[in-house]
Amino acid sequence: MTANGWLQIAIFLATVLAVTKPLGIFMARVFDREHTLMDPALRPVERLLYRLTGVDEHHEMRWTEYAFAMLLFSAVSMLVLYVQQRVQDLLPLNPQKLAGVPPDLAFNTAASFTTNTNWQAYVPETTMSYLTQMAGLAYHNFVSAAVGISLAIAFIRGIARREKDTIGNFWVDLVRCSLWVLLPACLLGALLLVWQGVPQNLKPYDVVKLVEPQQVQVTNTNGKLTTQTVTDQLIAQGPVASQEIIKEWGTNGGGFFNANSAHPFENPTPLSNFIEMFCIFAISSALTYTLGRMTGSPKHGWAVWAAMALLFLAGVSTAYWAEARGNPLLAGVDQHASASQAGGNMEGKEVRFGIANTAIFATATTDASCGAVNGMHDSFTPLGGLVPLVNIMLGEVIFGGVGAGMYGILIFVILSVFIAGLMVGRTPEYLGKKIEAYDVKMAILAILIFPLTILILAGISSIYGFGTSSIANPGPHGLSEILYAFTSGTGNNGSAFGGLNANTRWYNITIGISTLIGRFFIIIPMLAIAGNLARKKYVPPSLGTFPVTTPLFTVLLTGVIIIVGALTFFPALSLGPILEHLLMGAGKAF
């Protein structure tokens with residue numbers, strides 16, 4: 001670890017903090033339908049969309065109607081993406097003549113991108129056409145992010161409103177989020193990435209001559225290995241910048257290339273790397289201030305932000321320490337950072353980013369359910385790889401995905417307030433609303449669905465051959481690969497331990513199902529809480545009210561998040577990365 005590395009971590013978090021208030025105020029104005037500087041350009045477009053689709057922007061929805069509209073929109077969008085993948089060989093903008101996507105992989109991808117997971121069990125540059133990338137995957141990057149933010153705003157309205165049956169209009173929230181929050185930032189961000197060297201074109205892939213021909217072994221039609229000389233290389237390109245920026249700004253993840261943000265065409269420079277990391281946290285961080293402003297309690301928003309920041313710092317510090325100390329099995333090898341070498345465990349990391357920036361990226365992307373990576377998590381040390389896995393297991397509420405992190409942590413807030421109420425022996429209250437049995441039941445239901453899905457599917461996959469045949473490593477690391485896959489899918493993250501071959505019928509179907517469960521089975525109880533809170537009367541705070549604006553609340557919230565995650569997943573983690581770390585110390589690797 002170096003002073004420069006710690007400085008980069010500090011600058012990153014300070015930049016995120018600096019944007020939290022102004023962006024949070026802007027989003028509050030957008031969703032409260034107050035005037036913004038972009039209204040003259042965007043309001044005519046918004047009105048035209050409502051006129052074409054028959055949406056009444058003044059109509060307010062109960063939580064059940066809001067949920068039905070969201071589910072209907074997501075289902076239709078998922079079906080369209082599935083069909084588009086299946087017939088992409090018949091559609092235009094396919095200069096590489098790529099074939100249609102197989103049914104199970106098309107289902108997995110459609111479910112993944114609809115749920116803001118962006119799990120990719122395929123090599124994008126050899127599987128998806130330009131049209132599928134732009135009109136299918138990039139479209140879902142926008143709307144799945146907009147859905148998440150809209151749901152978070154609906155939850156915040158439920159907290160803020162008094163004795164009302166409605167929580168907003170899903171179609172209006174979706175349109176305003178897309179036009180005001182996502183699109184302008186992505187137009188600017190894409191240009192910044194093009195400036196840094198990210199391609200944006202519709203050209204066919206280029207064939208170039210290698211400087212040095214390479215000898216490779218291939219299997220011929222008779223099953224025998226033969227040696228061939230390779231003199232050419234195919235250089236993939238395409239509309240990369242436009243997809244890259246929304247995958248980070250909308251915390252989608254995925255990538256135009258198989259190497260994701262470790263690929264020099266997706267992330268060519270340290271500045272592009274910083275832009276992408278900043279985009280992962282920006283909206284999610286700002287939503288904490290939006291929460292405070294819309295509920296009339298800015299201090300509560302900052303208390304929630306502080307809990308997220310504490311958990312982020314704990315994670316990034318652990319990952320940085322674990323990777324910077326290197327691999328103890330490399331006896332006699334100098335792994336200290338110096339002017340001539342990066343030091344530490346550089347396996348799976350890009351030298352242009354180094355360990356500190358890789359630790360920040362890995363922590364941020366799994367804190368925020370993004371899933372984009374600039375290094376391979378599978379190549380981290382056991383404790384380094386434990387950090388992104390635990391981040392997802394905590395519910396991805398450490399800033400979290402756009403919107404999803406906010407409504408996810410608000411569920412933990414409900415639980416924390418309930419626990420605080422039990423401590424003082426009175427009915428718990430949250431920002432003037434009494435938290436009753438119904439609210440707690442829905443919160444517990446949302447929390448339990450997540451680990452049940454992960455542990456059941458991972459348990460089945462670690463026992464039977466259709467699951468274990470896909471792992472590349474034996475022992476505890478193989479279990480970690482399976483556990484990470486279902487944790488990432490259910491947590492709507494999308495990153496992976498690359499040693500698992502997930503492009504099989506079993507994993508395509510089960511991970512696809514887990515992404516749907518992790519998204520929609522948590523949204524329904526969350527919206528039920530929002531609708532119930534909106535109907536309640538305001539109760540003035542008293543001496544017995546537990547304050548949710550103090551450092552004590554921040555500590556309580558942080559503790560509840562950690563304890564729920566630790567108690568639920570510790571047995572599985574002890575058999576995976578923790579056991580692997582102990583065995584590595586004893587001289588054994590996997």
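Our structure is the block above this text.
About the thresholds
- Residues numbered from 1 in each chain as written.
- Predicted model: local features only at pLDDT ≥ 70, side-chain atom pairs only at ≥ 80, totals over all residues.
- Heavy atoms only, no water.
- Helix = DSSP H or I, 4+ residues; strand = E, 2+ residues; numbered from the N terminus.
- Rg over C-alpha atoms; globule rule 2.2 N^0.38 Å.
- Buried < 20%, exposed > 50% of the residue type's maximum accessible area, 1.4 Å probe, protein only.
- Contact = heavy atoms within 4.5 Å.
- Areas by Shrake-Rupley, 256 points an atom, 1.4 Å probe, with all protein chains shown as cover.
- Lys, Arg positive; Asp, Glu negative; His and termini not counted.
- Charge placed at Lys NZ, Arg CZ, Asp CG, Glu CD.
- Phe/Tyr/Trp six-rings, centres within 6.5 Å; stacked < 30°, edge-to-face > 60°.
- Lys NZ or Arg CZ within 6 Å of the ring centre and 35° of its normal.
- Expected span 1.5 Å × (residues − 1).
- Patch = residues over 30% accessible without salt bridge, like charges linked within 9 Å, V, L, I, M, F, W, Y side chains within 5 Å.
- Salt bridge = Lys/Arg side-chain N within 4 Å of Asp/Glu carboxyl O.
- Pairing = 2+ DSSP bridges.

Draft legend 1. Structural context of the overall build of the protein. Across its full length, the protein carries 19 helices and four strands. By the compact-globule yardstick of 25 Å for 590 residues, the protein fits well, its C-alpha radius of gyration being 24 Å. Referenced to the eigenvectors of the C-alpha coordinate spread, the extents of the protein come out at roughly 80 × 60 × 50 Å. Taking all 590 residues of the protein together, the buried fraction comes to 57%. Partitioning the intrachain contacts of the protein with sequence separation of at least 6 by distance along the chain shows that 78% fall at a separation of at least 24. Split by element, the accessible area of the protein, about 23200 Å² in all, is 66% carbon and sulfur. Positive and negative side-chain charges in the protein, numbering 33 and 33 respectively, have mean positions lying 9 Å apart.

Draft legend 2. Summary view of the environment of Ala 145. Along the chain, Ala 145 falls in helix H6 (residues 130-160). Ala 145 gets classed as buried once you look at its relative accessible area, which sits at 0%. Taking the C-alpha atoms as reference points, Ala 145 and Thr 115, 30 residues apart in sequence, are found 8.7 Å from one another. Not counting chain neighbours up to four residues away, the residues in contact with Ala 145 comprise Asn 116, His 140, Leu 182, Gly 250 and Val 402.

Draft legend 3. Structural context of the packing of aromatic side chains. In the structure shown here, the tally under the stated rule is 23 aromatic pairs. Grouped by ring-pair contacts, the aromatic residues Phe 12, Phe 274, Phe 281, Tyr 289, Trp 302, Trp 305, Phe 312 and Phe 399 constitute a single cluster. When the ring centre of Trp 180 is taken as origin, the NZ or CZ atom of Arg 176, which lies over that ring, is 4.2 Å away.

Draft legend 4. Inspection of helix H16 (residues 475-490) at higher detail. In this model H16 runs 23 Å from its N-terminal to its C-terminal C-alpha over 16 residues, within 8% of the 22 Å that 1.5 Å per residue would give. A positive phi of about 55° marks Asn 492, the residue just after H16.

Draft legend 5. Spatial organisation of a nonpolar patch on the surface. A cluster of nonpolar side chains, namely Phe 68, Leu 72, Val 76 and Val 80, defines an oily patch on the protein surface of about 390 Å² accessible area. Tracing the backbone through its elements, the reader meets Val 80 in helix H3 (residues 63-86). Exposure remark for Val 80: the relative accessible area of 51% places this residue in the exposed category.

Draft legend 6. Fine view of the pairing of strand E1 (residues 206-219). Little of E1 sits out of view: just zero of its 14 residues are buried. In terms of strand pairing, E1 meets strand E2 (residues 225-235) through ten bridges, oriented antiparallel. In the strand pairing of E2, Asp 206 is matched with Ile 235. Following E1, the chain reverses through five residues before pairing antiparallel with E2; Gly 223 in that reversal takes a positive phi of roughly 85°.

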